Each structure stands twice: as structure tokens, then as C-alpha cells.
Amino acid sequence: MTRNVLIIEDDVKICDLLVGYLARHDLQGFAVQKPSIGIQHIEKGNVEVVILDVMLPEFDGFETLKRIRSFSDIPVIMLTARGETADKILGLELGADDYMSKPFEPRELVARINSILRRRTFDKSAAKKIFGELQIDKDLRQVHLEGRLVELTSLEFDLLDLLSEKKEKNGRGMRL
């Protein structure tokens, strides 16, 4: 199964290198040079891991990470020439899952991506809940009832998710 990796990097040569290398390891890489476009891809939910540079046009990788974390817990690996300890600490404190300095070894990056995806796949079982014809997907923040997508506001989704957790803990039926 091919996994989608978003690369937010302004250096086109690095993007090409990464996309090609990831493809050889069953990872579908696609690259964007602007953080705003990368954020749009993440919001659509078709990305499983993000590789994020720090020095970017529009706004830097730290700001990009803040914006991503405001709506998503998608795994983010910072890959940047800014390898000072203070930068690494800042990236990790802002919510990066990993931080690698350039120059980097592509095999190590793939190993780190696969490690994150293994953990994420293991945790995903808790992110999807099924109650008869009702399916709740926490990662995508989507609800399906009888196979059809149900449009919910953010508050409605959070309330339904909270109720479903309560149902799982006490085993009582949930009626809609």
C-alpha cells in the first residue's frame, strides 16, 4: 500500500530527489513550495506524513507547523538546514514529531517515516469507531451514517466524539 507524503520545501532539487527516492520505497511523495498550499493539502485529508523545511517563502516552517497543529495531529518531520539545538528544541516544542538536519541521508529519512507510520497505523484503530451504521473517523473528522457522509460543524463532531467515548467506556447504547 502506497502512503502519501507531503513535502513542503522551496528547493526544487531537494523536492525532486525526495519524490524519486520515496517512490522507490512505496511512499508517494508530492512536493509544494508554498506553505499555504501544503496546509490546503493537509486540510483535505489526503496526506499521512509531512516533511517540512524551516526556511520557506510566505512564512517559515515554525509558523507553518503552528498552523498545522491548530487543526491536525498529522505527523511532521522537520528537515532543514537550521540544525542548531535551539531550532530543534523549538520545532519539537511546537509539535514536530521528528527533526532532521541537512545534509541528510535519504535512507534515514525513509526509516523515520516508516517508523512514524507504523506507530500511527497501530494507533489508528482507536481513531475509527463503528456503532452499527454509524462510523466516526477522528483523523479525518468525518462521520458516515448508512454509508453517507454527514456534514457536521466542528462543535457537533466534538460532541458526537465525546458521546462515543462515553459509550465505549460504559457499554451503554447510543441512540441518534
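Presented here is a report on the structure given in the accompanying data block. Note that this is a predicted model, so its numbers are computed, not measured.

**So, the sheet that holds strand β5 (residues 98–101)**
Strand order in this open sheet of five strands is β2-β1-β3-β4-β5, and the pairing throughout is parallel. Strands with a single pairing partner mark the edges of an open sheet, and in this sheet they are β2 (27–32) and β5. Strand after strand, the sheet turns through a mean of 20° between neighbouring axes, direction not considered. The strands touched by helix α1 (residues 12–23) within the sheet are β1 (3–8), β2 and β4 (76–80), with β2 carrying the most contacts at an inclination of about 165°. Here helix α4 (residues 85–93) sits on the sheet in contact with β4 and β5, set at roughly 150° to β5.

**Examining helix α2 (residues 35–44)**
For α2, the set of buried residues is P35, G38, I39 and I42. The buried residues of α2 all sit within an arc of 100° when viewed along its axis, so they share a single face. Residues of α2 that are exposed and angled more than 90 degrees away from the buried face: E43 and K44. Elements in contact with the buried residues of α2: β1, β2, β3 (49–52) and α3 (61–69). G45 sits one or two positions beyond α2 and adopts a positive phi of about 85°.

Cut-off values and rules
- Residues numbered from 1 in each chain as written.
- Predicted model: local features only at pLDDT ≥ 70, side-chain atom pairs only at ≥ 80, totals over all residues.
- Heavy atoms only, no water.
- Pairing = 2+ DSSP bridges.
- Helix = DSSP H or I, 4+ residues; strand = E, 2+ residues; numbered from the N terminus.
- Axes fitted to C-alpha atoms, helices over the stretch in contact; angles between N-to-C directions.
- Contact = heavy atoms within 4.5 Å.
- Buried < 20%, exposed > 50% of the residue type's maximum accessible area, 1.4 Å probe, protein only.
- Arc of directions from axis to C-beta.

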